[in-house]
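Single-letter residue listing:
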Amino acid sequence: MGGHGLACRFATLDILAADPPDGPFHFVFDRGCFHLFDEPDERARFAAALAPRGLWLSLIGSTEGPPREVGPPRRSAREVALAVEPALEIIELRSSEFRDHGALAWFCLARRRTMPAQSSYGVVASD
Ligand SMILES: C[S@@+](CC[C@H](N)C(=O)[O-])C[C@H]1O[C@@H](n2cnc3c(N)ncnc32)[C@H](O)[C@@H]1O
């Protein structure tokens, strides 16, 4: 692909299927699908489609920008982080947009974890 000698195969899949056929994948691109789901077990399916250290790139409707009556569901950056952090290490989370209609989006690039994130409270000193 692109002269880099990479083999690339495209597949569409039901992200909620128990075992996506031909998976797990090294890269999953999701435009406007993750933000449809509220349940933790449904959101976890996105990570389940990935091989260990596989990359997930998602465009997710954003709570930023002016009020609107139509367009993609809106998710805050906090919601995105809370939803994906248990299974995925966030590499990049930044503001973007859906190019065709201009609604603001979160661009989220994340990698499937091979170990859990460490505690944010650090080491407790003993006296
Ligand atoms: C808001 S539309 C986004 C469509 C398109 N990707 C775009 O960006 O314009 C949400 C899409 O999620 C798809 N979808 C819903 N449930 C899905 C599932 N379980 N697995 C895969 N795609 C799903 C729908 O078919 C629909 O095309």
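Conventions we followed
As a convention, each chain's residues are numbered from 1 in the sequence order in which they are written. Per-residue local features are limited, in this predicted model, to residues with pLDDT of at least 70; the limit for side-chain atom pairs, both in listing and counting, is 80 or more; totals at the level of whole chains, interfaces and linings are taken over all residues. Helical segments are the DSSP runs of H or I of at least four residues, strand segments are the runs of E of at least two, and each set is numbered from the N terminus. Burial is judged by counting the other C-beta atoms within 10 Å of a residue's own C-beta: 20 or more makes it buried, 12 or fewer makes it exposed, and any count in between marks it as partly exposed, with every C-beta position built from the backbone. Each direction from the helix axis to a C-beta atom contributes to the arc, which is the arc of those directions. Here, residue contact means that the backbone-derived C-beta atoms of the two residues sit within 7 Å.

Chemist: Hey, could you go over the environment of Arg 31 for me, with residue numbers and the actual values?
Modeler: Mapped onto the elements of the fold, Arg 31 is located in strand β1 (residues 25–31). The sequence separation of Arg 31 and Leu 16 amounts to 15 residues, and the corresponding C-alpha distance is 15 Å.

Chemist: So what's going on with helix α1 (residues 40–48)? Which residues, and what values?
Modeler: Taken as a whole, α1 has its buried residues at Arg 43, Phe 46 and Ala 47. Angularly, the buried residues of α1 cover 100 degrees about the axis, an arc narrow enough to put them on a single face. Turning to α1, the residues buried within the fold contact β1, β2 (50–61), α2 (77–84), β3 (88–97) and β4 (104–112).

Chemist: Which residues make up α2, and what are the values?
Modeler: Of all the positions in α2, only Val 80, Ala 83 and Val 84 are classed as buried. Buried positions in α2, seen along its axis, are confined to an arc of 80 degrees and lie on one side of it. What points out from α2, more than 90 degrees from its buried face, is the exposed set Arg 78 and Leu 82. Tucked inside the fold, the buried residues of α2 contact α1, β2, β3 and β4.

Chemist: Tell me about the environment of Glu 42, and name the residues and values.
Modeler: Within the secondary structure, Glu 42 is located in helix α1. In sequence terms Glu 42 and Arg 112 are 70 residues apart; their C-alpha atoms lie 16 Å from each other. For Glu 42, the contacting residues outside a window of four places in its chain are Leu 16 and Phe 37.

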